[in-house]
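Listed below, chain by chain, are the residues.
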Amino acid sequence: MKDILSELEERRDAARLGGGQKRIDAQHGRGKLTARERIDLLLDEGSFEEFDMFVSHRCTDFGMEQQKPAGDGVVTGWGTINGRQVYVFSQDFTVLGGSVSATHAQKICKIMDMAVQNGAPVIGINDSGGARIQEGVDSLAGYGEVFKRNVLASGVVPQISVIMGPCAGGAVYSPAMTDFIFMVKDSSYMFVTGPDVVKTVTNEQVSAEELGGAGTHTKKSSVADAAFENDVEALAEVRRLVDFLPMNNREKPPVRPFFDDPARIEDSLDTLIPENPNTPYDMKELIVKVADEGDFYEIQEEFAKNIITGFIRLEGQTVGVVANQPMVLAGCLDIDSSRKAARFVRFCDCFDIPILTLVDVPGFLPGTTQEYRGVIKHGAKLLYAYAETTVPTVTVITRKAYGGAYVVMASKHLGSDFNYAWPTAEIAVMGAKGATEIIHRADLGDAEKIAAHTADYEDRFANPFVAAERGFIDEVIQPKSTRRRVARAFASLRNKKLQTPWKKHDNIPL
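Remember, predicted model here, so these are calculated numbers, not experimental data.

A. Expanded view of the overall build of the protein. Secondary structure summary: the protein contains 19 helices and 17 strands in total. Against the 2.2 N^0.38 benchmark of 24 Å for 510 residues, the protein shows a C-alpha radius of gyration of 26 Å, consistent with a compact globule. Based on the C-alpha atoms only, the size of the protein along its principal axes is roughly 95 × 55 × 45 Å. Across the 510 residues in the protein, those meeting the buried criterion constitute 51%. For the protein, restricting intrachain contacts to residue pairs at least 6 apart in sequence, the fraction spanning at least 24 positions comes to 73%. When the accessible surface of the protein is summed, it comes to about 23400 Å², and 53% of that surface belongs to carbon and sulfur atoms. The averaged location of the 70 negative side-chain charges in the protein is 4 Å from the averaged location of its 57 positive side-chain charges.

Right under this line is the structure:
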């Protein structure tokens, strides 16, 4: 018996070493942690239960039968984050470059199936050289099996991808279908074709970092939601994100203890809106002052900064926030901001997370660039996302809400439950100057008359009261009482039930 037990421990020790100490040292030399070190940091101490530690590949071509490392380049299993169950896989770059074989993919598929079956989030830590070339189509088939699981799990359990090394070729499509993607600066990258192929095919000279690094995907492509300085910081932020999310689509998000008065009055908000309607202000100040303990977890901070998305808590409960940012492009909606917000709204709706929308939007960004790239269809994505929500939704209009952008930003007409406005709100088809020049075109040569008409238009329409008279605004509230009013609104909506007509699935304007 002792011999068997000692053999078990020897096998375990060998499996834990992955590609061996030399390759582990090389991994550390690149500023990266090993697959197991990452899992240890991500999960609660001692909570990890590993699956398939001794699985090895079945390839016999190209001399592969001579090297059959236990685990086959990926560590899989489950554990807890702050006591809540999650499933995790972590690719091991020290074993054959973390390349994906048929058995490697089977290990990932197994824990994804278990995650859906048992209703717990899936976290994938990616650090792989791509498909294992020696296995040919078997490796590609493995990718396909993983992709199918990503789709089946979408909207059922939260899926989080952490890119901590190379992720290239077909491998990028699995993270792309997950709900959140985090990257590590200077040590992770994603691209469909690498710099060498790009140079061969298009003659472009580009570095891996420039082509698919963290900066590219957080600021330009919007593929990634955030980038962090190192592995440790990235994994800590994943833990923080998981704390905001429900286990699955049949459970409510977690409720955390809070030490902040829901009726807190913020007098400073009464002076947040500048006297000049064209002067910007920072919408994040309002978000932070509404949130419990000022805690705001922003998503896609570096992309489409004219709109803000992220999570706060109100009375300890998770709330998704979508807010126009007057500091960037005057808060206009455009293609990028519409896509960013629509994706976030749909995630919240999938997982029963209430949505708070803060509105200061002068319209959609004009110009040929936007029109040629399809701002109509992309703007429709955001409209569609809000219109199909069944979760509690509360909207606060702080200043401008003009034209179609007013309707798109969670208006009463799209089904928002509570629509509040500050006294500084201006709800109209367009700004006073533009409207006056259209209505009173005959007086354009007379500056005094135009000024008088503009002042008249502002008095009549540049306020929230016309919309309030129609019932499109439920209440005009004092800015300082925003936290109290919003918290009470969400409290009243906790048992909301909304049934939509049966359909196989919708057809969002992609």
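B. Spotlight on empty space enclosed by the protein. Per the stated rule, a full pass over the model turns up 4 cavities of 30 Å³ or more. Its boundaries defined by the atoms lining it, the largest cavity holds a volume of some 110 Å³. Lining the largest cavity are 13 residues, and of these Gln91, Val100, Ile108, Asn126 and Tyr143 lie nearest its centre. Among the elements that line the lining of the largest cavity, the one with the most residues is helix H4 (residues 102-118), at 3 residues.

C. Expanded view of the environment of Arg494. Of note, Arg494 is situated in the segment after helix H19 (482-492). The class for Arg494 is partly exposed, based on a relative accessible area of 35%. A C-alpha to C-alpha distance of 31 Å links Arg494 and Gly403, two positions 91 residues apart in sequence. If we ignore the near neighbours within four places in the chain, the residues touching Arg494 are Lys252, Glu315 and Gln317. For Arg494, the side chain forms a polar contact with the side chain of Glu315, separated by 3.5 Å.

D. How the structure looks around the packing of aromatic side chains. Counted under the stated rule, the structure contains 11 aromatic pairs. Site record: aromatic cluster; members linked through ring pairs are Phe180, Phe244, Tyr297, Phe311, Phe344, Phe347 and Phe351. Seen from the ring of Phe93, Lys32 lies directly overhead, with NZ or CZ sitting 4.7 Å from the centre. The lysine or arginine in question, Arg313, covers the ring of Phe244, its NZ or CZ lying 4.0 Å from the ring centre.

E. Just helix H12 (residues 335-350), in detail. When the terminal C-alpha atoms of H12 are compared, their 23 Å separation across 16 residues agrees well with the 22 Å that a helix rising 1.5 Å per residue should span. One or two residues past the end of H12 sits Asp352, with phi positive at roughly 60 degrees.

F. Spotlight on helix H10 (residues 231-242). Given a rise of 1.5 Å per residue, 12 residues ought to cover 16 Å, and the 17 Å separating the end C-alpha atoms of H10 matches this to within 8%. Listed in full, the buried residues belonging to H10 are Asp231, Ala234, Leu235, Glu237, Val238, Arg239, Leu241 and Val242.

G. Summary view of a nonpolar patch on the surface. Nonpolar side chains collect at one region of the surface, where Met1, Ile4, Leu5, Leu8 and Phe54 lie side by side and expose about 510 Å² of accessible area between them. Secondary-structure assignment places Leu8 in helix H1 (residues 2-16). Leu8 sits in the partly exposed class, given a relative accessible area of 30%.

H. Region of the structure containing the nonpolar core. Residues Ile123 and Phe311 are the most contacted members of the largest nonpolar core, which totals 59 residues. Tallying contributions element by element places H12 first for this core, with 6 residues. One finds Tyr87, Ile108, Ile181 and Met190 within the second-largest nonpolar core, a separate group that totals 28 residues.

I. How the structure looks around unusual backbone geometry. Of note, the phi angle at Glu293 is positive, near 50 degrees, even though the residue is not glycine. Of note in this structure, Leu329 is not a glycine but carries a positive phi near 55 degrees. Mapped onto the elements of the fold, Leu329 is located in the loop between strand E12 (317-324) and H12. With a relative accessible area of 43%, Leu329 lands in the partly exposed category.

Cut-offs applied
Residues numbered from 1 in each chain as written. Predicted model: local features only at pLDDT ≥ 70, side-chain atom pairs only at ≥ 80, totals over all residues. Heavy atoms only, no water. Helix = DSSP H or I, 4+ residues; strand = E, 2+ residues; numbered from the N terminus. Rg over C-alpha atoms; globule rule 2.2 N^0.38 Å. Buried < 20%, exposed > 50% of the residue type's maximum accessible area, 1.4 Å probe, protein only. Contact = heavy atoms within 4.5 Å. Areas by Shrake-Rupley, 256 points an atom, 1.4 Å probe, with all protein chains shown as cover. Lys, Arg positive; Asp, Glu negative; His and termini not counted. Charge placed at Lys NZ, Arg CZ, Asp CG, Glu CD. 1 Å grid on protein atoms, 1.4 Å probe; cavity = no way out; pocket = protein on both sides within 12 Å on 5 of 7 lines; lining within 4 Å. Points joined across faces, edges and corners; volume = space filled by probe spheres on them. Polar contact = N/O pair within 3.5 Å; in protein donor to acceptor, adjacent residues only side chain to side chain. Phe/Tyr/Trp six-rings, centres within 6.5 Å; stacked < 30°, edge-to-face > 60°. Lys NZ or Arg CZ within 6 Å of the ring centre and 35° of its normal. Expected span 1.5 Å × (residues − 1). Patch = residues over 30% accessible without salt bridge, like charges linked within 9 Å, V, L, I, M, F, W, Y side chains within 5 Å. Salt bridge = Lys/Arg side-chain N within 4 Å of Asp/Glu carboxyl O. Core = buried A, V, L, I, M, F, W, Y, C linked by side-chain atoms within 4.5 Å.

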